[in-house]
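If you want the building blocks of each chain, they are given just below.
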Amino acid sequence: MKIAANNLKRQYDLHAEEYEAKALEDLRSGWYILGQEVKTFEKEFADYIGSKYCVGLANGLDALILAFRILGIGAGDEVIVCGNAYIACMMGISINGALPVLVEPDEYANLDADRIEEKITDKTKAILAVHLYGQSCDMTKICAVARKHNLKVVEDCAQSHMTTWEGKVCGTIGDISCFSFYPTKGLGAFGDAGALLTDNEEYAEAAKMLRNYGSRVHYENEVVGVNSRLDELQAGLLRVKLKYLDDLNAERCEIAERYNTGITNPLIRVLKTRPGSNNTWHQYEIFCDYRDELAAYLKEKEIGTIIHYPIPPHLSEAYAYLGLHEGDLPLTEKHSRTVLSIPMYNGMTIEEQQYVIDALNAFVPEAK
Ligand SMILES: *Cc1c(COP(=O)(O)O)cnc(C)c1O
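Residues numbered from 1 in each chain as written. Predicted model: local features only at pLDDT ≥ 70, side-chain atom pairs only at ≥ 80, totals over all residues. Heavy atoms only, no water.

A. Fine view of the sheet that holds strand E4 (residues 124-130). Taken together, the seven strands give an open sheet; going across it, the order is E1-E9-E8-E5-E4-E2-E3, and neighbouring strands pair in mixed fashion. Strands at the two margins of the open sheet, each flanked by one partner only, are strand E1 (53-57) and strand E3 (99-103). Taken pair by pair, the neighbouring strands of this sheet meet at an average axis angle of 25°, ignoring direction. Judged from the five bridges that link them, E1 and strand E9 (residues 194-198) form a sheet pairing that is antiparallel. Within the sheet, the bridge partner assigned to Tyr 53 lies in E9 and is Thr 198. Running over the sheet, helix H3 (residues 36-49) touches E1, strand E8 (176-180) and E9 and is turned about 130° from E1. With respect to the sheet, helix H7 (residues 201-211) is in contact with E1, strand E5 (152-156), E8 and E9, its orientation differing from that of E1 by roughly 15°. (Pairing = 2+ DSSP bridges. Helix = DSSP H or I, 4+ residues; strand = E, 2+ residues; numbered from the N terminus. Axes fitted to C-alpha atoms, helices over the stretch in contact; angles between N-to-C directions. Contact = heavy atoms within 4.5 Å.)

B. Molecular detail of the pairing of strand E14 (residues 339-342). The alternating pattern of E14 places Val 339 and Ser 341 on one face and Leu 340 and Ile 342 on the opposite face, and all of these are buried. Pairing geometry for strand E13 (residues 284-288) and E14, over four bridges, is antiparallel. Note on E14: the bridge partner recorded for Glu 285 is Ser 341. (Buried < 20%, exposed > 50% of the residue type's maximum accessible area, 1.4 Å probe, protein only.)

C. Molecular detail of the pairing of E5. The buried count for E5 comes to four of five residues, which makes it a mostly enclosed element. Alignment of E4 against E5, held across five bridges, turns out to be parallel. In the strand pairing of E5, Ile 127 is matched with Val 153. Between the parallel pair E4 and E5, the chain is carried across by helix H6 (residues 139-149), and the sense of this crossover is right-handed. Alignment of E5 against E8, held across three bridges, turns out to be parallel. Residue pairing for E8: Asp 156 is matched across the bridge by Cys 178. (Right-handed = clockwise from strand over helix to strand, strands pointing away.)

D. A look at unusual backbone geometry. Cis geometry is found at the peptide bond from His 308 to Tyr 309, where omega equals 10°. If you trace the backbone, Tyr 309 turns up in the loop between helix H10 (291-300) and helix H11 (330-338). In this model, Ala 109 sits at a positive phi of 60°, which is unusual for a non-glycine residue. Along the polypeptide, Ala 109 turns up in the loop between E3 and E4. In this structure, Tyr 213 is a non-glycine residue whose phi angle is positive, near 60°. Position of Tyr 213 relative to the elements: it lies in the loop between H7 and strand E10 (215-217). Residue classification places Tyr 213 among the partly exposed residues on the basis of a relative accessible area of 43%.

E. Highlighting a nonpolar patch on the surface. A contiguous nonpolar surface patch, about 370 Å² in accessible area, is contributed by Leu 24, Leu 27, Tyr 32 and Ile 33. Structurally, Ile 33 can be placed in the loop between helix H2 (16-29) and H3. (Patch = residues over 30% accessible without salt bridge, like charges linked within 9 Å, V, L, I, M, F, W, Y side chains within 5 Å. Areas by Shrake-Rupley, 256 points an atom, 1.4 Å probe, with all protein chains shown as cover. Salt bridge = Lys/Arg side-chain N within 4 Å of Asp/Glu carboxyl O.)

F. Structural view of the site of the ligand. In the vicinity of the ligand, the contacting residues are Asn 59, Gly 60, Leu 61, Tyr 86, Ala 88, Cys 89, Val 130, Asp 156, Ala 158, Gln 159, Ser 180 and Lys 185. Here an oxygen atom of the ligand and a backbone polar atom of Gly 60 are 2.8 Å apart. Backbone polar atom of Leu 61 to an oxygen atom of the ligand: 2.9 Å apart, as the coordinates give it. Burial of the ligand by the protein amounts to 91% of the accessible area it has alone, namely 380 Å². Elements supplying a minimum of two residues to the shell around the ligand: helix H4 (60-70) and helix H5 (87-94). (Near = heavy atom within 4 Å. Polar contact = N/O pair within 3.5 Å; in protein donor to acceptor, adjacent residues only side chain to side chain.)

G. Structural context of the environment of Thr 198. In this fold, Thr 198 is placed in strand E9. Given a relative accessible area of 2%, Thr 198 falls into the buried group. Once the C-alpha coordinates of Thr 198 and Leu 57 are considered, the two residues, 141 residues apart in sequence, prove to be 14 Å apart. Excluding residues within four positions of it along the chain, Thr 198 makes contact with Ser 51, Lys 52, Tyr 53, Asp 175, Ile 176, Tyr 203 and Ala 204. A polar contact of 2.9 Å, which involves the side chain of Thr 198, links it to the backbone oxygen of Asp 175.

H. Region of interest: the pattern of salt bridges. Within the structure shown, the criterion is met by 20 salt bridges. Here Lys 125 makes a salt bridge to Asp 77, at a shortest N to O gap of 2.8 Å. Linking Lys 125 in strand E4 with Asp 77 in the loop between H4 and strand E2 (78-82), this pair joins segments that are 48 residues apart in sequence. Residue Lys 125 is classed as partly exposed on the basis of its relative accessible area, which comes to 34%. Residue Glu 117 pairs with Lys 148 through a salt bridge whose shortest N-O separation is 2.8 Å. Residue Glu 117 is found in the loop between E3 and E4, and its partner Lys 148 is found in helix H6; the two are separated by 31 residues along the sequence. Judged by relative accessible area, which is 61%, Lys 148 ranks as exposed. Salt bridges here are not isolated pairs; linked through shared partners, they connect Lys 22, Glu 25, Glu 37, Glu 44 and Arg 239.

Structure follows, in structure tokens:
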């Protein structure tokens, strides 16, 4: 049985007719940028998450870049972020000239809130809480540290559309939250798309101005902005998918539950669930000391896998200037050596899941 690491076509097929009708409607409208679809999506998504304002943007990285810019964070400032987060998280900080300060992950493979304080200096301005893999950070501890040291909290919800922390929806807890609608994300567009959410009217106004060349009124440019607009077609298609997001999340939770109970090979660990967080299972992570051999073995059985992420950001060429070396963040480095994403997508059949489970349970490393 051939099983791809991800299969977006299955999800598309679930509501193909509606997507196609909406695409035609938007193509025929004659209005393609910043029109009614974007406005309506912004209202619907803000209501869905429970935030006052949503500003549609071109992608998730732009949401991060604009979030720190709006908060006035730049050269000379420091922002706390998890060492094993996606490299876009670091870029959202460093493109503004600020310094990403990396904190090791906890047993839930995400920012260890107990290690934040030791990294705080008089330059620290914010904490970027990335809800990795669909699971929330410990927002209670993070917000307590932020309050104590007068720091802003930005949430990266690119992998956590409707994840909750102690009953609160991720994206409504910090000062600003950043969403990506990249096709593989929980709420995925059919191309690039993203959004910035906040309860603060000033921040929302600033984001609207910045995304459109720094202009509120056509051709009156107040600041040097960017072009980062969500387009009408993507907004229309996102509105269709948003109606089904609860169902899509629930289906992935069922798949995860089957994996959680089905995977019994003692050499394979599954992601620990943080008490207080639901997990919307953006993807399904396993951890294995023989990861590369396991991935090769699964490939042999035609099971696709992906490593999120093979090179930790601090060891990438882009961040060589941080001056960090192998051994400086041992937990982050161990994470990237052992982590593996196994197939997990909406529309995955029970037979396919069972095939993956059986293969994993039969794995015996030669290197052992
Ligand atoms: C995908 C992702 C981003 C970037 O989103 P893009 O839309 O691809 O720019 C940022 N942070 C995290 C955690 C992501 O998973």
